[in-house]
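# A closer look at the structure
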Amino acid sequence: MNSRTTVERTSERELVATRTFDGPARIVFEAWTKPELIMRWWAPKSFGISFLSCETDARTGGAYRFVFGHAASEQPMAFFGRYIEVTPPSRLVWTNEEDEDGAVTTVTFQENGGKTLVVVHDLYPSKEALDGAIASGSTGGWPEQFEQLDDLLVAQGC
Amino acid sequence: MVQYITARLDASFAALSDATRRGVLEQLGRADASITDLADKFHMTLTGMKKHVGVLEQAGLVTTQKVGRVRTCRLGLRPLEEEAAWIEQRRQLWAARFDALDQVVDDMKRREKVDE
């Protein structure tokens, strides 16, 4: 299939995932920024993960917060950070602040002939940070960040 | 993914259920050692020690490397293998996400056509 997903460690601090989508960048970009659309694909059911909430303020400097439940854990996990750059429909950069060794994620959307190549680039703060993520990686790529139900969830009555 | 973790835990606990093997881990925590060193230290035959080290290796608790005629044992997975396994997990995660995203993109395209 031409839509194959690749993931590669491209340097001591970098990890890159790519995939081509059959649609214009404008549409793919929207699916990466609107909560109701993100919730349809970001947490794969086959991994036993489900969304509890998803908030994005997709503007430069805006915050995002994703909260997931996992079949194997009673406690939800929260992923959060800030958007450093939001340039529709070509570029999205955000921080991952649930972990002090969290990467900065840059996603680029390159349209060509109605298809869009998406490149997800994670830049870790140091070689040790990426090595550490690998060493503790038995959660299948999810940071081991299990958080207590927080105010957000309580406020939403989840 | 969960099966993978469970299988690994089973292997780890099985490996740790034996006093000699726990002793070997403790020893390797202090310094790397050859199988011969370990056999001497635990008053065992080479064959017996090889078996114990094999169980620890299967469980991913010990790695061994043969240099010349000496097989050296140390704690932990071979880093490259660990990294390859982790990257494969990441790939599976992204592949699962992207399969779902394909569907979302399709739906959005179809909706746009209807709206036109």
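Reading the values: the criteria
Residues numbered from 1 in each chain as written. Chains lettered and ligands numbered in written order. Predicted model: local features only at pLDDT ≥ 70, side-chain atom pairs only at ≥ 80, totals over all residues. Helix = DSSP H or I, 4+ residues; strand = E, 2+ residues; numbered from the N terminus. Contact = placed C-beta atoms within 7 Å. Pairing = 2+ DSSP bridges. Axes fitted to C-alpha atoms, helices over the stretch in contact; angles between N-to-C directions. pLDDT = per-residue confidence, 0-100. Parallel < 35°, antiparallel > 145°, perpendicular 65-115°, else oblique. Nonpolar A, V, L, I, M, F, W, Y, C, P; charged D, E, K, R; others polar.

Another point: the overall build of chain B. For chain B, the helix and strand inventory stands at five helices and three strands. Once local pairs closer than 6 in sequence are excluded, the contacts in chain B between residues at least 24 apart make up 49%.

A separate point is the sheet that holds strand S3 (residues 70-75) of chain B. Residues and elements named next belong to chain B. In spatial order, the strands read S1-S3-S2; together these three strands make up an open sheet with antiparallel pairing. Looking at strand neighbours, the two that pair on one side only are strand S1 (33-34) and strand S2 (62-67), the edges of this open sheet. One ladder, built from two bridges, connects S1 with S3; its direction is antiparallel. Bridging across to S3, Ala33 finds its partner in Cys73. The strands touched by helix H2 (residues 19-30) within the sheet are S1, S2 and S3, with S3 carrying the most contacts at an inclination of about 90°. On top of the sheet, helix H4 (residues 46-58) reaches S2 and S3; it is set at about 120° to S2, its chief contact.

Take the confidence of the model for chain B next. Averaged over every residue, the pLDDT of chain B is 87; the share at 70 or more is 89%. Prediction confidence for the complex, expressed as pTM and ipTM, is 0.67 and 0.82 respectively.

How two helices sit against one another is set out by the angle between their axes and by the gap between those axes. Residue and element names in this part refer to chain B. Close contact between H2 and H4 brings their axes to 10 Å; oriented N to C, the two are set at 75°. The angle between H2 and H4 places the two elements in the roughly perpendicular class. In contact with Thr20, Arg21, Val24 and Leu25 of H2, H4 contributes His52, Val53, Val55 and Leu56.

All right, on to the interface of chain B and chain A then. Taken together, the contact between chain B and chain A spans 23 residues of the former and 27 residues of the latter. Taken together, the elements giving at least two residues each to the side of chain B that touches chain A come down to helix H1 (2-16) and helix H5 (79-115) of chain B. If you tally residues by element for the side of chain B that touches chain A, the top one is H5(B), at 20 residues. When its residues are assigned to classes, the side of chain B that touches chain A shows 15 nonpolar, one polar and seven charged.

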